[in-house]
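Spelled out from the first residue to the last, the chains are:
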Amino acid sequence: MKYYSTNKQAQEATLQEAVVKGLAGDKGLYMPERIKQLPDSFFENIKDLSFQEIALEVAKAFFGEDVEADALKQIVYDTLAFDVPLVHVNDNIYSLELFHGPTLAFKDVGARFMSRLLGYFIKKQGQDKVNVLVATSGDTGSAVANGFLGVPGIHVYVLYPKGKVSPIQECQFTTLGQNITALEIDGVFDDCQALVKSAFMDADLNKYMNLTSANSINVARFLPQAFYYFYAYAQLQKLGLDKNVVICVPSGNFGNITAGLFGKRMGLPISRFIAANNRNDIFFKYLQTGEYNPRPSVQTIANAMDVGAPSNFARILDLYGNSHADICKEISGCTYDDDQIRAAIKKVKDQYGYLLDPHGAVGYNALADMLKPNEVGVFLETAHPAKFKDTVEPIVGPISIPEKLQAFMRGTKQSIELPKDFDSFKKYLLSE
Ligand SMILES: *Cc1c(COP(=O)(O)O)cnc(C)c1O
């Protein structure tokens, strides 16, 4: 299968090229040239299939032409070595818990899949050793570092701003060792991102090192996120609730929801989607006005969604042929401020005994406000609340920390401190 760029200027790429390059040469995002429809028979009895079996069918539709069947099966089964349960919250609202992976957030799925696919290309097709650079303000670094941990032929450099990442997040990528190096940059997140961008543009570095990025624009990170939408539907079917299904996605860069929209194109019977925003409401405004006006992000307590220029918006536009009317037919939007997010966490804990994280709370609010009585709503619970302990505890009181998180916190921090100028960073990389 070929991948084209949303900007339509760059040449089409193979899957391997799209995964290794990340962004197309014209700065567009790669899109698969075809989205295969899965047969009705697949959906009729989907409730009888396991998560891995479902995911493999979806994976074959995208990657089946480019990855050998046995290898693809192993990549999918290995990626999804944890469950994604659907949990009833109240009335017709369900939570799809995406936080049972190694770093307790949904990004585990994409990061694990991408690392294994890249590892496959390195082994099978003689791809040279690859160095992954990733800038993080918290969650992305942990998912990518853990996803790539121990994968032969790949070294990961996680750049993060010194003193600006919570201790829980920091320990998830600084205690790993092996092929993961944490670089503690004396600056803010934007400095880290600027260093990564400069590295990709630097001729010397690219001559000596094979550099790639593992951010959410990579097709190997974003497409596998479609898997759990199908599994959510399977679990609803088991409950006899597979009609008028609405899925609500707490959104920042819009990679997660875009994967769901791809699922719908493949025939998944979802009636509509809701994109739930925090105060960074660029997409919400677009739905209302038809105008897309990116602007600098504002800080909120659902900080993984603090995005002012959602990169996957380009994919959504492309998917709907740039039609605002068609986008509005399938997606609606909502936006909530920090007080409304806190109120949702409190209400849902007090009244229904379910603990939301700040991101899931945005999704819950949108369903509580917009779901019709004849519909069944699922919101994606994108992270475990304990990852946001400092925000959640003042609202609901002490919460327990899962053993998986505690284990990270017992590890020994290893990091290399660097100033924020590019020359020091370049010198460091070349000396490695
Ligand atoms: C990354 C992230 C999001 C936003 O997902 P997008 O794909 O960027 O829209 C939401 N919640 C959590 C916890 C995240 O880490």
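Residues numbered from 1 in each chain as written. Predicted model: local features only at pLDDT ≥ 70, side-chain atom pairs only at ≥ 80, totals over all residues. Heavy atoms only, no water.

Participant: What's the story with the overall build of the chain in this structure? I'm lost.
Facilitator: When helices and strands are counted, the chain shows 20 helices and 13 strands. A globule of 432 residues ought to have a C-alpha radius of gyration of about 22 Å, and the chain, at 21 Å, matches this closely. Reported as C-alpha extents along the three principal axes, the dimensions of the chain are approximately 60 × 50 × 40 Å. The contacts in the chain between residues at least 6 apart in sequence include a share of 74% that link residues at least 24 apart. With an accessible surface of roughly 17,100 Å², the chain has 48% of that area assigned to carbon and sulfur atoms. One finds the centroid of the 43 positive side-chain charges in the chain at a distance of 1 Å from the centroid of its 49 negative side-chain charges. (Helix = DSSP H or I, 4+ residues; strand = E, 2+ residues; numbered from the N terminus. Rg over C-alpha atoms; globule rule 2.2 N^0.38 Å. Contact = heavy atoms within 4.5 Å. Areas by Shrake-Rupley, 256 points an atom, 1.4 Å probe, with all protein chains shown as cover. Lys, Arg positive; Asp, Glu negative; His and termini not counted. Charge placed at Lys NZ, Arg CZ, Asp CG, Glu CD.)

Participant: When you look at the sheet that holds strand β4 (residues 93–97) in this model, what are you seeing that I'm missing?
Facilitator: In a beta sheet, neighbouring strands pair by backbone hydrogen bonds and run either parallel or antiparallel. Spatially, the 6 strands line up as an open sheet ordered β3-β4-β12-β9-β10-β11, and their pairing is mixed. Unpaired on one side and paired on the other, β3 (86–90) and β11 (331–335) mark the two borders of the sheet. When strand polarity is set aside, the average angle formed by the axes of neighbouring strands in this sheet is 25°. Relative to β4, β3 runs antiparallel, the two being bridged by 4 bridges. Across the sheet, residue asparagine 90 finds its bridge partner in β4, namely isoleucine 93. The strands touched by helix α13 (residues 282–289) are β10 (272–277) and β11; relative to β11, the strand with the most contacts, the crossing angle is about 125°. (Pairing = 2+ DSSP bridges. Axes fitted to C-alpha atoms, helices over the stretch in contact; angles between N-to-C directions.)

Participant: Could you clarify how one ought to interpret the sheet that holds strand β6 (residues 154–161) in this entry?
Facilitator: Read across the open sheet, the 5 strands follow the order β8-β5-β6-β7-β13; overall the sheet is parallel. Single-partner strands in this sheet number two, and they are β8 (211–213) and β13 (416–418). The mean angle between the axes of side-by-side strands here comes to 30°, regardless of whether they run parallel or antiparallel. Direction of pairing for strand β7 (residues 180–185) relative to β13: parallel, over a ladder of 3 bridges. Bridge assignment links isoleucine 185 to a residue of β13, and that residue is leucine 418.

Participant: Honestly, helix α12 (residues 255–265) in this entry has me stumped. Any pointers?
Facilitator: Counting buried residues along α12, 9 of its 11 residues qualify, which places the element largely inside the surrounding structure. Taken together, the buried positions of α12 are Gly255, Asn256, Ile257, Thr258, Ala259, Gly260, Leu261, Phe262 and Gly263. At the C-terminal side of α12, glycine 267 shows a positive phi close to 110°. (Buried < 20%, exposed > 50% of the residue type's maximum accessible area, 1.4 Å probe, protein only.)

Participant: How should I be thinking about the pattern of salt bridges in this particular structure?
Facilitator: Here the idea is simple: oppositely charged side chains can pair when their charged atoms come close. Inspection of the entire model under this criterion finds 22 salt bridges. Aspartate 318 is the partner of lysine 8 in a salt bridge, and the nearest nitrogen-oxygen pair spans 3.1 Å. Here aspartate 318 lies in helix α14 (residues 313–319) and lysine 8 lies in the loop between β1 (3–5) and α1 (15–21), a separation of 310 residues in the sequence. Taking the relative accessible area as the measure of exposure, lysine 8 reaches 55% and is therefore exposed. Its relative accessible area of 16% is what places aspartate 318 among the buried residues. A salt bridge links lysine 36 to glutamate 65; its shortest N-O distance comes to 3.4 Å. Residue lysine 36 is located in the loop between β2 (30–32) and α2 (40–44), and its partner glutamate 65 is located in the loop between α3 (51–63) and α4 (69–79); the two are separated by 29 residues in the primary sequence. Overlapping salt bridges bring together Glu33, Arg34, Lys36 and Glu65 as one network. (Salt bridge = Lys/Arg side-chain N within 4 Å of Asp/Glu carboxyl O.)

Participant: Can you walk me through the side chain of threonine 136 in this structure?
Facilitator: Looking at the element boundaries, threonine 136 is found in the loop between β5 (130–135) and α6 (139–148). Judged by its relative accessible area of 1%, threonine 136 is buried. Within the local environment of threonine 136, its side chain forms a polar contact with the backbone nitrogen of glycine 141, the two atoms lying 2.9 Å apart. With residues near it in sequence (within four places) discarded, threonine 136 still touches Gly141, Val158, Leu159, Tyr160, Pro161, Phe173 and Phe189. (Polar contact = N/O pair within 3.5 Å; in protein donor to acceptor, adjacent residues only side chain to side chain.)

Participant: Got a minute to help me understand the site of the ligand in this structure?
Facilitator: Of all residues adjacent to the ligand, which total 15 residues, the nearest are Lys107, Gly252, Asn253, Phe254 and Thr382. In this structure, lysine 107 approaches the ligand through a side-chain N or O atom, which is 2.4 Å from an oxygen atom. Backbone polar atom of glycine 255 to an oxygen atom of the ligand: 3.2 Å apart, as the coordinates give it. About the coverage of the ligand: the protein hides 97% of its 380 Å² of free accessible area. Residues that form the shell around the ligand fall into these classes: 6 nonpolar, 7 polar and 2 charged. (Near = heavy atom within 4 Å. Nonpolar A, V, L, I, M, F, W, Y, C, P; charged D, E, K, R; others polar.)

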